[in-house]
Amino acid sequence: MPELVRFGVSMGPELLAQFDWLIRKKGYTSRSEALRDLVRSSLVEEEAQEEAAMVAGTLTLVYDHHTSGLSDLLNDLQHDHHQSIVSTLHVHLDAHYCLEVLVLHGSAADVRRIADRLIAVKGVRHGKLTLTSTGKGL
Ligand code: NI
């Protein structure tokens, strides 16, 4: 772990009380670790706005596999983008619904484009992309 630099933070008492409430709720044991995570979160969010930035992401899809042609279409689209789709997890939720989690790795622009394409497929009931960092630079 690199050497830590201490610095002072000025904050109004109300905001500080809310910060303390938040970090207790989330289970942090120190303000410093909570603050470090907030900074990292902002950096990841900012980085993901850059189209060329390499990101990792998870896309969660929920769909009814009885919808005609849907499973095949989703499968075809995933094969079209096999370079960016690292892994998939498929769960049969019940007799109708499937939940699929795709792990994506690539440029932010590519990952977003692939996710948008899959989410927009007719019959996909819900889709959610979560972008995160590849871990470098954090
Ligand atoms: Ni299924």
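Reading the values: the criteria
Residues numbered from 1 in each chain as written. Predicted model: local features only at pLDDT ≥ 70, side-chain atom pairs only at ≥ 80, totals over all residues. Heavy atoms only, no water. Helix = DSSP H or I, 4+ residues; strand = E, 2+ residues; numbered from the N terminus. Rg over C-alpha atoms; globule rule 2.2 N^0.38 Å. Buried < 20%, exposed > 50% of the residue type's maximum accessible area, 1.4 Å probe, protein only. Donors = N, O, S within 2.8 Å, 3.2 Å for Na, K, Ca; no water. Pairing = 2+ DSSP bridges. Axes fitted to C-alpha atoms, helices over the stretch in contact; angles between N-to-C directions. Contact = heavy atoms within 4.5 Å.

Asks: Report on the overall build of the protein chain, specifying residues and quantitative values.
Replies: Within the protein chain, the secondary structure is distributed over four helices and four strands. Counting from the amino terminus, the protein chain carries its helices and strands in the arrangement α-α-β-α-β-β-α-β. Its C-alpha atoms give the protein chain a radius of gyration of 20 Å, clearly above 14 Å, the size a compact globule of 138 residues would have. In terms of overall dimensions, the protein chain has a C-alpha envelope of 60 × 35 × 25 Å along the principal axes. Per-residue burial over the protein chain gives 27% buried out of 138 residues.

Asks: Give me the lowdown on the coordination of the nickel ion, citing residues and values where you can.
Replies: Every protein donor of the nickel ion is accounted for by H90 (NE2), H92 (ND1) and C98 (SG), and the metal-donor separations fall at 2.0 to 2.4 Å. On the primary sequence, the residues serving as donors to the nickel ion are separated as H-x1-H-x5-C. Residue H90 is classed as partly exposed on the basis of its relative accessible area, which comes to 33%.

Asks: Describe the sheet that holds strand β3 (residues 97-107), with residues and values.
Replies: Ordered by their spatial adjacency, four strands build an open sheet running β2-β3-β1-β4, and the pairing between neighbours is antiparallel. Each end of this open sheet is capped by a strand with a single partner; those strands are β2 (85-92) and β4 (124-133). Averaged over all neighbouring strand pairs, the angle between strand axes comes to 15°, with direction disregarded. Bridging between β2 and β3 involves seven bridges; their strand directions are antiparallel. When the sheet's bridge partners are listed, T88 is paired in β3 with L102. Together, β1 (54-64), β2, β3 and β4 form the strand contacts of helix α4 (residues 108-119), whose direction differs from that of β3 by roughly 160°.

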